[in-house]
Amino acid sequence: MSNNAPSLAALEQRDAFVHRHIGPNAGEIESMLSTIGAPDVEALIAQTVPEDIRLRAPLALEPAKPEHEALAALRVLAQRNVVKKSLIGMGYYGTHTPAVILRNVMENPGWYTAYTPYQAEIAQGRLEALLNYQQMVVDLTGMELANASLLDEATAAAEAMTMARRVSKSKSNAFFVDEACFPQTIDVVRTRAGYFGFELVFGPASAAGEHEVFGALLQYPDEHGAVTDLSGPIAGLKDKGAVVAVATDLMALMLLKSPGQLGADIALGSAQRFGVPMGFGGPHAAFFACREAFVRAMPGRIIGVSKDARGKVALRMALQTREQHIRREKANSNICTSQVLLANMAGLYAVYHGPQGLRTIAERIHRLAGILARALGNAGFELVGQHFFDTLQVRTGEQTAALLAACEAAGYNLRRVSDESLGLSVDETTTAADVRALLACFGIQADIDTLDAEEAAAGPRVPAALLREDAVLTHPVFNTHHTEHEMLRYLKRLQNRDLALDHSMISLGSCTMKLNATSEMIPVTWPEFANMHPFAPIAQARGYLEMIEGLADYLRAVTGFPAISMQPNSGAQGEYAGLVAIARYHASRGEAHRDVCLIPKSAHGTNPATAQMCGMRVVVVACDDNGNVDVEDLRAKATQHADKLAALMITYPSTHGVFEASVREICRIVHEQGGQVYMDGANLNAQVGLTSPAVIGADVSHMNLHKTFCIPHGGGGPGMGPIGLAAHLAPFMADHVVAPTGGEDRPNPGQGAVSAAPFGSASILPISWMYITMMGGEGLKRATEVAILNANYLATRLAEHYPVLYTGAKGRVAHECILDIRPIKAATGISEVDIAKRLMDYGFHAPTMSFPVPGTIMVEPTESEDKAELDRFVDAMVSIRQEIARIEAGEWPREDNPLVNAPHTQADVIGDWERPYTRELAVFPLTWVADNKFWPSVNRIDDVHGDRNLFCSCVPMDAYAE
């Protein structure tokens, strides 16, 4: 036996997951270092990251745990949650996720690892699913147009308010809010209105038309469950020039007259109860629909119909010039991420059940609520309102506490509306046995069959004039896939049209498309996490709260900040929450007049959009020829606006892909003039374990958990954007009106919320908890080092073919690099778009195009790609450059070559061929492509046609035949 036998500690491989997550092995790392001319990783980091911002000690995190141990530890936390049947309602309801959707969409990396469908030719599957979702929303709301989802119902309501201001011709600065809206919605709307300077007017919906306002938000059914005719108040509001938004419930709209029929201009709400678990608050897709006349003012992404180069129907994101990437501070919203995965689940729920199935579910819910109401009324309990869909409010007087406790002991959570009344919301998961048990808690021995017969004979508990009579969901897609085999095959057909991380690297700069490990994903659908209502009693959510606090501790170690707010449910929401904290801080010091926000020219488009949402004036700071912030321009503008300077928003490493050596000086200049430094966390993946926002000098920073900490992008959402705050800003983070975000000693009681749920999209937080637990401090640092190594390897290998636009002082890039395509375009007419489309023929998703510099592509490989995958990408890019050389040489015409004709489809291969290059070159340009060929399902899409002929609903079947 050799004396060199490994120790037991080595054999246990406690850091095994680190090597599963990080792509290159030791030999590959050595080879890559040789290619880039660095003796070792430590030397590369020293050449890349400024010495004065380096951490002086390891991250204060425990060592890595193996996957099975991390799962076991999280299971212990999950089992501390007590999941009871929820009748709390308030926009969150129990639902049955169809198993075929759960397994083949929610738990399927082919769906959850895809990116936002900017490259539409390789995203036709989820684009079709989103179009189905939009059609569902249009049908049920009675509107003409719907977007592809927003973050949650409360923020959708806030977006409706600001949209109303954009389109209303009223000169009023007031916005009416129905006092019967959900309290969490009012909380978020109040926060948003404050920074826009809007006056909020509260009152009953019936009195809305009496006010001079630019817009109004009404709830239907309202928070008490009442279903009332809003057509009169809506007409009164519109007579005075107001734009009217109605927050509503998709399941209720299977039975109720639509907001569109009532005269509303905007309809919004949550699609959660269409098959998406409550998840302690999210993620869920908020729906948002409006009149077509308002489409250019609508927030969020819209899927539209166009055609490809062959005239075939093709889908794409429409009207993208509305987005914050382009319009910056003039954008409709700062929203960057929607909730694509959850919107797809909700739309597919409607596809699977169809109109009759959904109506049956809605009628069953309504019948059970009616049986409850009848039995309670017969027993002498007074109901608040007689017209309802699924929610009852019962006057319980002095019995309130005892009844609430009795129901909880029996396994049911009710809503405590006040000391004298309780709320009960019935949902898809409620059974007749549940109704019998609930009534027993009220001291009622019920004969459910008799009550059912009486309720059926009496008819719906809704005014006849408000019952829905029009047909909905008539498109064939909602009337075809009702057996599991049909649904399974439909889902597979959609998945086959999309390129996701399960096929190849997605090297999108500033997007960090890293591994979303299976062990990280597994806990999301555990019932203890999936089935918890966000407003359940705190004692029942101990496991959740302990997991969230544990993750917060991890993020404190990573960022150096003492305070973490988990509420923001996207990166854009994190930006907003951070700037709101800064604004509150200044106001607390009597300096509310500080409203100037300095933003470098290279900043992400969400930055200026967020600043204007916080009532700040954007002052743009120049960048120098090397892509760095122009320190002297910053100094001059900070001095010029010293009395009003609120903040600087800066991304680090910069969006140009370099670690700026002057970053500490930049922070110091802003602080000297009384401003605060907000660090955009988009590029945190290049900091972890090497430096931190707090060490650099930031006061607040958001973290994209869907980038750095492995929450998958879901095809365009979900995401999470918690913020870390320095001690002086900690008292100004968001609280929540329904469920406080801390103990009674928290520094921010009653401070307005920024998201509907207290901890945002809480059910995906276990993903990041698992990632950090399995990586440990050393593993996280190693991941950062390899992310930087991979980027420098690509930059070095591609530099002779495509100029690398920016590097740091010592010639290195950070975790991403920008390749300049402008010289190629000037010489040949071939653009970054042509290269992006041609990459599809090689089986790759394109890097980020024309951001932050027009005419370039930005490449971010992440640490999860091994050398073989990096080399395949390099080979593809080099091959494309060689193809461009053939255009330069005149061998191929500028107007007819593999790049301008890309992507190539199977239709090209079997059709007539009169092109100056071979079919083989078109579809198998390198030998290895054929081994794992991804076939785009459409040819290049005509964006202009789609916007000029706007159509954002399901396409009639005969259009496909044509």
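Model, not experiment: these values are computed from the prediction. Starting afresh in each chain, residues are numbered from 1 along the sequence in its written order. Totals for whole chains, interfaces and linings use every residue, but because this is a predicted model, local features are given only for residues with pLDDT of at least 70 and side-chain atom pairs only at 80 or more, for both listing and counting. To get the side-chain values, take all heavy atoms of the structure and skip hydrogens and water.

**As for the packing of helix α6 (residues 99-106) against helix α18 (residues 484-496)**
1) Next: Geometry is summarised by axes, namely lines fitted to C-alpha atoms with helices restricted to the contacting stretch, and by angles between N-to-C directions that run from 0 to 180 degrees. Here a strand is any run of E in DSSP of at least two residues, a helix any run of H or I of at least four, and the numbering for each starts at the N terminus. Running from N to C, α6 and α18 cross one another at 15°; their axes reach a closest spacing of 10 Å. The pairing of α6 with α18 is recorded here as roughly parallel in orientation. Viewed along their axes, α6 and α18 form a crossing whose handedness is right-handed. When α6 is examined against α18, the residues V100, I101, N104 and V105 are found in contact with a partner set consisting of E484, M487, L488 and L491.
2) Next: Each residue belonging to the contact of α6 with α18 can be placed in one class, and the counts come to six nonpolar, one polar and one charged. Our angle categories are set so that under 35 degrees counts as roughly parallel, over 145 as roughly antiparallel, 65 to 115 as roughly perpendicular, and the remainder as oblique. Crossing handedness is read from the near helix: turned anticlockwise from the far helix by less than a right angle, it gives a left-handed crossing, and turned clockwise, a right-handed one. Every residue pair with non-hydrogen atoms within 4.5 Å of one another is taken to be in contact. Throughout this entry, Asp, Glu, Lys and Arg are counted as charged residues, while Ala, Val, Leu, Ile, Met, Phe, Trp, Tyr, Cys and Pro are counted as nonpolar. The remaining residues, Gly among them, count as polar.

**Some points on the UniProt feature "domain: Glycine dehydrogenase C-terminal" (unreviewed entry) in the protein**
1) Next: When the UniProt feature table is mapped onto this chain, "domain: Glycine dehydrogenase C-terminal" (unreviewed entry) is found at residues 783-904.
2) Next: End C-alpha atoms of residues 783-904 are separated by 36 Å, and the span's content is 45% helix alongside 8% strand. UniProt positions are given in the numbering used here, feature names are shortened, and annotations may be inferred rather than shown by experiment.

**Points about the packing of aromatic side chains**
1) Next: A pair of aromatic rings is counted whenever rings of Phe, Tyr or Trp (Trp by its six-membered ring) have centres within 6.5 Å, and the orientation is called stacked for planes under 30 degrees apart, edge-to-face for over 60 and tilted otherwise. A complete count under the given rule lists 20 aromatic pairs for this structure.
2) Next: With 6.1 Å between their ring centres and 70° between their planes, Y585 and F732 make a pair best called edge-to-face. Of this pair, Y585 sits in helix α22 (residues 571-588) while F732 sits in the loop between β21 (723-725) and α27 (765-798), placing them 147 residues apart in sequence. Accessibility classification places Y585 together with F732 in one group, the buried group.
3) Next: Connected via pairs of aromatic rings, a cluster forms that spans F280, W526, F529, Y544 and F759. Each residue is placed in one exposure class: buried if its accessible area under a 1.4 Å probe, protein chains only, is under 20% of its type's maximum, exposed if it is over 50%, and partly exposed if it falls in between.

**A closer look at the pattern of salt bridges**
1) Next: Salt bridges are defined as contacts in which a side-chain nitrogen from Lys or Arg sits within 4 Å of a carboxyl oxygen from Asp or Glu. In this structure the tally under the stated criterion is 46 salt bridges.
2) Next: One salt bridge connects R468 with D470, and the closest N-O pair in it is separated by 2.9 Å.
3) Next: Of the charged contacts, one joins D834 and R940 as a salt bridge, the two residues approaching to 2.8 Å between their closest N and O atoms. On the criterion of sequence distance, the pair formed by D834 in helix α29 (residues 832-841) and R940 in the loop between α32 (919-923) and α33 (943-948) is long-range, its members being 106 residues apart.
4) Next: Residue R940 is classed as buried on the basis of its relative accessible area of 18%.
5) Next: In the salt-bridge network here, residues are joined through shared partners; they are D249, R273 and D390.

**Comments concerning the sheet that holds strand β19 (residues 676-680)**
1) Next: The strand order across the open sheet built from seven strands is β15-β21-β20-β19-β18-β16-β17, with neighbouring strands paired in mixed fashion. Of all the strands in the sheet, the pair left with one neighbour each is β15 (563-565) and β17 (617-621). Geometrically, the sheet is characterised by an average inter-axis angle of 25° between neighbouring strands, direction not taken into account.
2) Next: A strand pair is defined by DSSP finding two or more bridges across the two strands. Both β15 and β21 contribute to a ladder of three bridges, which runs antiparallel. Each residue of the ladder has a partner; that of I564, found in β21, is G724.
3) Next: Contacting β16 (596-600), β17 and β18 (645-651), helix α24 (residues 631-640) runs over the sheet at an angle of about 150° to β17.

**Notes on the UniProt feature "domain: Glycine cleavage system P-protein N-terminal" (unreviewed entry) in the protein**
1) Next: Per the UniProt entry, the sites bearing "domain: Glycine cleavage system P-protein N-terminal" (unreviewed entry) are residues 19-442 and 462-727 in this numbering.
2) Next: Overall, residues 462-727 shows 33% helix and 12% strand. The separation of its end C-alpha atoms is 52 Å.

**Structural notes on the pairing of β17**
1) Next: Across five bridges, β16 lies against β17 in parallel orientation. Of the residues in β17, the one forming a bridge with I599 is V620.
2) Next: Look down the strands so they point away from you; if the path from the first strand over the helix to the second goes clockwise, the crossover is right-handed. Crossover β16 to β17 through helix α23 (residues 606-613) is right-handed.

**Focus on empty space enclosed by the protein**
1) Next: Using a grid of 1 Å spacing that covers the protein atoms alone, one calls a set of points a cavity when a 1.4 Å probe fits there but cannot get out, and a pocket when the set is open and has protein on both sides within 12 Å along at least five of seven lines; lining residues are those with an atom within 4 Å of a point. Grid points are joined across faces, edges and corners, and a volume is the space filled by probe spheres set on the points. Per the counting criterion, the structure on display carries eleven cavities of 30 Å³ or more.
2) Next: Approximately 230 Å³ is the volume attributed to the largest cavity.
3) Next: Lining the largest cavity are 28 residues, with M90, G91, Y93, F182 and D249 sitting closest to its centre.
4) Next: For the lining of the largest cavity, the secondary-structure elements that each account for two or more residues are β6 (243-249), β12 (391-395), β13 (412-418) and β14 (421-425).
5) Next: Classifying every residue of the lining of the largest cavity gives ten nonpolar, eleven polar and seven charged.

**What about the sheet that holds β13?**
1) Next: An order of β1-β13-β14-β12-β11 is seen for the five strands of this open sheet, with the pairing classed as mixed. Across the chains shown, the open sheet's two edge strands, defined by having one partner strand only, are β1 (85-87) and β11 (382-383).
2) Next: As defined by bridge partners, β13 adjoins β14 across three bridges and the pair is classed as antiparallel. By the bridge assignment for β14, R416 is matched with L422.
3) Next: Where helix α14 (residues 340-378) meets the sheet, its contacts fall on β11, β12 and β14, and the angle it forms with β12 comes to roughly 15°.
4) Next: Against the sheet, helix α16 (residues 432-441) engages β1 and β13, with an angle of about 55° to β13.

**A look at α24**
1) Next: Along α24, the residues classified as buried are V631, D633, L634 and A638. In an axial view of α24, the angular spread of the buried residues amounts to 160°, which keeps them on one side of the axis.
2) Next: Of the surrounding secondary structure, the elements contacted by the buried residues of α24 are β16, β17, β18 and α25 (663-672).
3) Next: We define a polar contact as two N or O atoms separated by no more than 3.5 Å, with the added condition that, inside protein, one atom must be a possible hydrogen donor and the other a possible acceptor, whereas residues neighbouring each other in sequence contribute only through side-chain atom pairs. Here α24 starts with a cap whose side-chain oxygen sits 3.2 Å from the backbone nitrogen of E632, and that cap is D630. To be clear, the arc concerns the directions from the helix axis to the C-beta atoms.

**Focus on the nonpolar core**
1) Next: Throughout this description, the term nonpolar core refers to a set of buried Ala, Val, Leu, Ile, Met, Phe, Trp, Tyr and Cys residues connected via side-chain atoms within 4.5 Å. Ranked by internal contacts, the top residues of the largest apolar core, which has 247 residues, are M136, F274, L414 and F442.
2) Next: If one sorts the elements of this core by residue count, α14 sits on top with 22 residues.
3) Next: Non-local contacts of F274, meaning those with residues more than four positions away in its chain, are made with T95, M136, L140, L250, M251, M345, A346, Y349, A350 and L358.
4) Next: Counting 49 residues, the second-largest nonpolar core is a separate cluster that includes L150, A156, I186 and F198.

**Here we look at the side chain of N704**
1) Next: Tracing the backbone shows N704 in the loop between β20 (700-702) and β21.
2) Next: In this structure N704 comes out as buried when scored by relative accessible area, which is 4%.
3) Next: Among all residues touching N704, those that are not within four sequence positions of it are G571, G681, A682, F709 and M720.

**With respect to the environment of A453**
1) Next: Tracing the sequence through the fold places A453 in helix α17 (residues 448-458).
2) Next: The exposure class assigned to A453 is partly exposed, which follows from its relative accessible area of 47%.
3) Next: In the structure, A453 is positioned 331 residues away from I122 in sequence and 53 Å away in space, judged by C-alpha atoms.

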